[in-house]
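Notes for the structure review
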Amino acid sequence: MFRFRLYWTFTKKAFLRSAVYRFDVWSRLGSNLIFLLMWGSIWTALYAGREEAGGVSFESMLTYIVVSQFLSGVNGAGTPLWEIQEKVRTGDISLELMRPFDVPLRYLFADFGSVAFYILTALLPLYTVMFIFMDLTLPSSWETWALFIVSAFIGFLIRYCIEMSFGLLSFFLVETGGIVDVFYFAMSLLSGSVIPLWFFPGWLEKMALYLPFQGIYYIPNAIFIGKISGAEILLSLGVQLFWAAASYLLLRFVWNRASQKVVVQGG
Amino acid sequence: MSVLKYFDLYFKLISAGVRAQLQYRFAFVMRIVGLITSYTGTAATMWIMLYQFQELGSWTFYEMLFLFAVAVLSWGFCIILFFHFRGLDTYILNGTFDRFLVRPINPFFHFMAMKFDVASFGQFIFSIGIFIWVSFELHLDWTVGKSLFLLLSVVGGILIQGGLLVMISALAFWTTKSEQFYWVAMFPARNLTNYPLVIYPKAVQWFTAFVVPFGFVNYFPAAVLLEKETPFFPENIGYFSPLVGIVFFAVAYYIWMLGLKRYKSTGS
């Protein structure tokens with residue numbers, strides 16, 4: 001039984017709590033902008049006066065990277081992985097097991113709250129200004145906007161499920177340092193967050209297209225700049241939905257095993 | 001106390017720390033593997049980026065690798081010596097900082113010697129490997145002078161980045177916050193230096209040369225060693241790297257001591 005109102009309180013609480021930690025919001029935005037500066041400069045230098053590369057114009061590429069950084073701001077605003085791991089390490093997570101709610105859903109709904117606060121107060125105002133003053137390409141139809149938002153949302157769910165599953169690995173491993181590094185690297189590269197997949201060497205592009213990460217950044221970004229359009233968009237959304245379901249099942253599986261382990265150990 | 005005594009003490013203090021870290025052998029190996037993988041990941045990103053484009057601001061893939069390896073090497077030593085400085089706020093808040101004040105040695109030195117992170121051997125292995133590879137690919141001729149210059153500029157880089165960590169930690173004396181400043185300011189800013197500074201807007205280049213001198217950590221010295229041009233800056237400005245390091249670190253140390261005086265006067 002899913003009790004929406006119960007989880008909605010977590011969303012509201014997280015929203016209000018974010019308002020208290022305003023320094024966090026501003027500092028997070030600062031670092032987001034430094035990375036935007038970095039990738040914007042890199043792509044400007046790579047194009048180096050060229051009008052287009054890989055069938056994509058310079059303006060579209062710049063738009064891609066700005067949207068990508070916006071989305072990485074969105075994806076980074078939730079509960080950080082290390083906080084979950086810290087809870088596992090200290091045993092605090094066992095307290096949450098005793099309460100009458102589902103822990104993965106509880107964190108997801110709390111993340112909705114903090115992400116909403118971050119989008120409204122920091123990301124949207126700033127990136128709107130950027131879209132007004134920079135030479136970027138906006139989708140021309142409202143359908144594309146809508147599809148982009150849907151796609152970005154599914155991407156958020158995929159990222160959440162995969163990242164949470166990884167965080168829960170600390171139930172089974174004492175030290176997850178190395179694995180987490182590999183995971184973050186795979187996610188940042190294969191999701192197309194900094195280099196769109198069409199610039200990859202052929203074999204790597206093929207590999208990336210068979211993995212769930214592309215659903216997080218590549219697909220929504222590509223929809224936004226019009227690299228994929230028409231029926232292709234629906235196909236991509238289908239792929240995203242497939243991976244969202246698959247990663248949700250993964251999270252369920254890992255969580256069931258993890259919570260059993262806590263019970264066995266006696267919390 | 002004489003300098004020699006301080007050296008002796010430093011090694012005694014850190015060897016205890018190293019032995020403690022080696023107790024958890026699995027964790028130790030995992031961290032080294034993890035560090036090497038994530039640096040290899042950045043290198044792979046550069047490779048993919050240049051797969052289509054060949055050049056970034058007139059730097060080729062191997063030149064960029066070299067630039068990156070210089071940054072990683074000095075950062076590795078910097079982690080060993082200074083990385084724990086970013087967490088000074090936790091010591092102050094927990095009250096555990098006071099133990100550094102009651103001993104008859106310099107508190108800065110004592111705090112510095114408290115930790116010695118052996119896992120940064122990952123950085124060491126990675127960058128030495130890259131140096132060897134790139135030297136073959138670019139046919140670099142390692143004369144004594146060049147090797148010595150690389151060594152000195154790595155020292156410069158350690159002092160610049162270490163100095164910044166020290167300054168960030170000193171903020172804790174005034175604001176009781178420091179760790180966060182590292183993650184939101186220094187961590188992203190350090191990422192900028194993985195790429196040749198020439199690609200950034202002029203104002204950013206100027207800032208990273210003369211305000212927070214990250215440019216002297218790897219960009220300017222690497223440009224000297226690879227004989228690359230550094231537009232907007234005097235030719236061979238990289239030779240100043242060790243000097244910039246010393247001056248910057250001295251300023252950082254002065255600020256830290258100033259903060260320490262303030263900390264005492266609040267008497268918590």
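Residues numbered from 1 in each chain as written. Chains lettered and ligands numbered in written order. Predicted model: local features only at pLDDT ≥ 70, side-chain atom pairs only at ≥ 80, totals over all residues. Heavy atoms only, no water.

Attention shifts here to the interface of chain B and chain A. In this assembly, 36 residues from chain B lie in contact with 33 residues from chain A. A buried area of about 2,800 Å², summed over both sides, lies between chain B and chain A, and 80% of it is on carbon and sulfur atoms. Our count for the chain B to chain A interface comes out at zero salt bridges. Our enumeration of links across chain B and chain A arrives at one residue pair in polar contact (both at pLDDT 80 or more). Within the residue set of the side of chain B that touches chain A, elements represented by two or more residues are α2 (25–53) and α8 (179–192) of chain B. The element that contributes the greatest number of residues to the side of chain B that touches chain A is α2 of chain B, accounting for 18 residues. (Contact = heavy atoms within 4.5 Å. Buried area = accessible area lost by both parts, 1.4 Å probe. Salt bridge = Lys/Arg side-chain N within 4 Å of Asp/Glu carboxyl O. Polar contact = N/O pair within 3.5 Å; in protein donor to acceptor, adjacent residues only side chain to side chain. Helix = DSSP H or I, 4+ residues; strand = E, 2+ residues; numbered from the N terminus.)

Time to look at the nonpolar core. Among the nonpolar cores identified, the biggest contains 178 residues, and W43 of chain A together with F97, Y195 and W256 of chain B are the most heavily contacted of them. When residues in this core are grouped by element, the largest group, 15 residues, is from helix α3 (residues 61–82) of chain B. Apart from the residues within four sequence positions on either side, F97 of chain B is in contact with L88, Y91, I92, F111, F173, W256, L260 and Y263 of chain B. (Core = buried A, V, L, I, M, F, W, Y, C linked by side-chain atoms within 4.5 Å. Buried < 20%, exposed > 50% of the residue type's maximum accessible area, 1.4 Å probe, protein only.)

So, about the layout of surface pockets. All names here are of chain A. Quantified by volume, the second largest pocket comes out at close to 500 Å³. Lining the second largest pocket are 23 residues, with F70, L71, V74, I119 and F148 sitting closest to its centre. Here the lining of the second largest pocket takes eight residues from helix α6 (residues 103–133), the largest share from any one element. Taken together, the residues of the lining of the second largest pocket break down into 20 nonpolar, three polar and no charged. (1 Å grid on protein atoms, 1.4 Å probe; cavity = no way out; pocket = protein on both sides within 12 Å on 5 of 7 lines; lining within 4 Å. Points joined across faces, edges and corners; volume = space filled by probe spheres on them. Nonpolar A, V, L, I, M, F, W, Y, C, P; charged D, E, K, R; others polar.)

What follows concerns unusual backbone geometry. Residues and elements named next belong to chain B. The backbone of S58 shows a phi angle near 65 degrees, a positive value even though the residue is not glycine. Note on placement: S58 falls in the loop between α2 and α3. Its identity as a non-glycine residue notwithstanding, H139 has a phi of 50 degrees, on the positive side. Position of H139 relative to the elements: it lies in the loop between α6 (121–137) and α7 (144–175).

All names here are of chain A. By the element assignment, S18 lies in helix α1 (residues 4–20). Overall, S18 belongs to the buried group, its relative accessible area being 13%. Not counting the four nearest positions on each side in its chain, S18 is found in contact with V25, S114 and F117.

We now examine the confidence of the model for chain B. Residues and elements named next belong to chain B. Averaged over all residues, the pLDDT of chain B equals 89, while 98% of them reach at least 70. Per-residue pLDDT, averaged within each element of chain B, yields its smallest value for helix α1 (residues 3–22) (79) and its largest for helix α10 (residues 219–226) (95). The ipTM for the predicted assembly is 0.88, set against a pTM of 0.90. (pLDDT = per-residue confidence, 0-100.)

Another aspect to go through is the pattern of salt bridges. Oppositely charged side chains can form a pair if their charged atoms are brought close together. A full pass over the atoms with the stated rule returns five salt bridges over all chains. The salt bridge partner of D102 of chain A is R252 of chain A, with a shortest N-O separation of 2.6 Å. Here R252 of chain A lies in helix α11 (residues 231–265) and D102 of chain A lies in the loop between α5 (93–97) and α6, a separation of 150 residues in the sequence. Residue classification places R252 of chain A among the buried positions, given a relative accessible area of 18%. Among the salt bridges present, the one from D8 of chain B reaches K12 of chain B, with a minimum N-O distance of 3.1 Å. Remark: K12 of chain B and D8 of chain B occur in helix α1; sequence separation between them is four residues, near one turn of the helix. Residue classification places D8 of chain B among the partly exposed residues on the basis of a relative accessible area of 44%. Residue class for K12 of chain B comes out exposed when judged on its relative accessible area of 54%.

To continue, consider empty space enclosed by the protein. By the definition in use, this model includes two cavities of 30 Å³ or more. Along its surface, the largest cavity is lined by T79, P80, L81, I84, Y107, D111, R159, Y160, E163 and M164 of chain A. At the level of elements, α4 (81–90), α6 and α7 (142–168) of chain A are the ones that each hand at least two residues to the lining of the largest cavity. No other element matches α7 of chain A, which puts four residues into the lining of the largest cavity. Of the residues contributing to the lining of the largest cavity, the split by class is six nonpolar, one polar and three charged. Estimated volume of the second largest cavity: approximately 40 Å³. Lining the second largest cavity, in full, are L140, D141, W142, K146, L225 and L226 of chain B.

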